[in-house]
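Structural overview for review
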Amino acid sequence: MASEFDIGKAFSRLVGKMKKNKKLELMVYGSLIALGVLLFVLIPGGGNGTDPPKETEHEQKQAETELEGRLEAVLSSIRGAGKVKVMITYDTSSRLVPAMSTDVQSGTTENRGTGSESITQTRTESSRPATVSTSGGAETIVLTEIEPTIRGVIVIAEGAADVSVRLKLQNAVITVLGITAERIDVFEMKSNNEEE
């Protein structure tokens, strides 16, 4: 009980000194703001303990392999294409964009001195991923997923020696992936009889 009284007494003295000395008041407020910012930066997820969801490398590779398989199945069903192999390379990986929650704090400080008076207004904003409570804990709200950027596509097909088949394969890839023709190369698959 004595320690609570001492802390309260010390706090009262500090407040009294702050009212008399505006420089001390600004230093205390500045220190508190700096401490708050430091804690916000050091605590993951802006203090709520959650990070935005991230797709693991394994899931990313699995999705890329699945896309290549689906594209191979579609391209091999084009008349004259025969057996088809597809390889897709990427410049970037996919990213999830979380919804952000913004906290705005405003404050006003009045400085009264001899013959002058000034008012200082402060405004601080902080953002962190918005979450929703679920039975498993807090889950980040995802606004959108940014698809990976495709660098190029190689298509190897048995029927690619025929120019019309080659163009059909290229146009199909353009339609499915939404990339330009310059990023697509179509080659003829070697036959089993050919020597290496």
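Conventions we followed
- Residues numbered from 1 in each chain as written.
- Predicted model: local features only at pLDDT ≥ 70, side-chain atom pairs only at ≥ 80, totals over all residues.
- Heavy atoms only, no water.
- Helix = DSSP H or I, 4+ residues; strand = E, 2+ residues; numbered from the N terminus.
- Polar contact = N/O pair within 3.5 Å; in protein donor to acceptor, adjacent residues only side chain to side chain.
- Buried < 20%, exposed > 50% of the residue type's maximum accessible area, 1.4 Å probe, protein only.
- Lys, Arg positive; Asp, Glu negative; His and termini not counted.
- Salt bridge = Lys/Arg side-chain N within 4 Å of Asp/Glu carboxyl O.
- Contact = heavy atoms within 4.5 Å.
- Pairing = 2+ DSSP bridges.
- Axes fitted to C-alpha atoms, helices over the stretch in contact; angles between N-to-C directions.
- Expected span 1.5 Å × (residues − 1).
- Arc of directions from axis to C-beta.

This part takes up the environment of threonine 175. Following the sequence through the fold, threonine 175 ends up in helix α4 (residues 163-177). A distance of 2.9 Å separates a polar atom in the side chain of threonine 175 from the backbone oxygen of asparagine 171.

Attention now goes to the side chain of glutamate 68. Here glutamate 68 shows up in helix α3 (residues 57-76). Although glutamate 68 is buried, it makes no salt bridge; lysine 61 carries the closest opposite charge, 8.5 Å away. Discounting residues that sit within four places of it in the chain, glutamate 68 has contacts with Val86, Met87 and Ile88.

An order of β1-β8-β9 is seen for the three strands of this open sheet, with the pairing classed as mixed. A strand with exactly one partner marks an edge of an open sheet, and here the two such strands are β1 (84-90) and β9 (184-188). In this sheet, neighbouring strand axes are inclined to one another by 15° on average, regardless of whether the strands run parallel or antiparallel. Two strands pair when backbone bridges link them, and β1 and strand β8 (residues 150-157) are joined in this way by seven bridges, in the antiparallel orientation. Following the sheet pairing, tyrosine 90 is matched in β8 by isoleucine 150. Against the sheet, α3 touches β1 and β8, its axis set at about 140° to β1.

Now for α3. A rise of 1.5 Å per residue sets the reference length of α3, with its 20 residues, at 28 Å; its end C-alpha atoms lie 28 Å apart and thus fit the reference within 8%. Within α3, burial applies to Gln60, Glu64, Glu68, Leu71 and Leu75. The buried side chains of α3 occupy one side of the element, clustering within an arc of 70° when seen end-on. Projecting away from the buried face of α3 at angles above 90 degrees are the exposed residues His58, Thr65 and Arg70.

This brings us to the side chain of glutamine 170. Positionally, glutamine 170 belongs in helix α4. Take glutamine 170: its relative accessible area is 18%, and that puts it in the buried class. In contact with glutamine 170, other than residues within four places in its own chain, are Ala181, Ile184 and Val186.

Of note, leucine 24 is situated in helix α2 (residues 22-42). On the basis of relative accessible area, leucine 24 is assigned to the partly exposed category, the value being 23%. The contacts of leucine 24, once residues within four sequence positions are left out, are Leu14, Lys17 and Met18.

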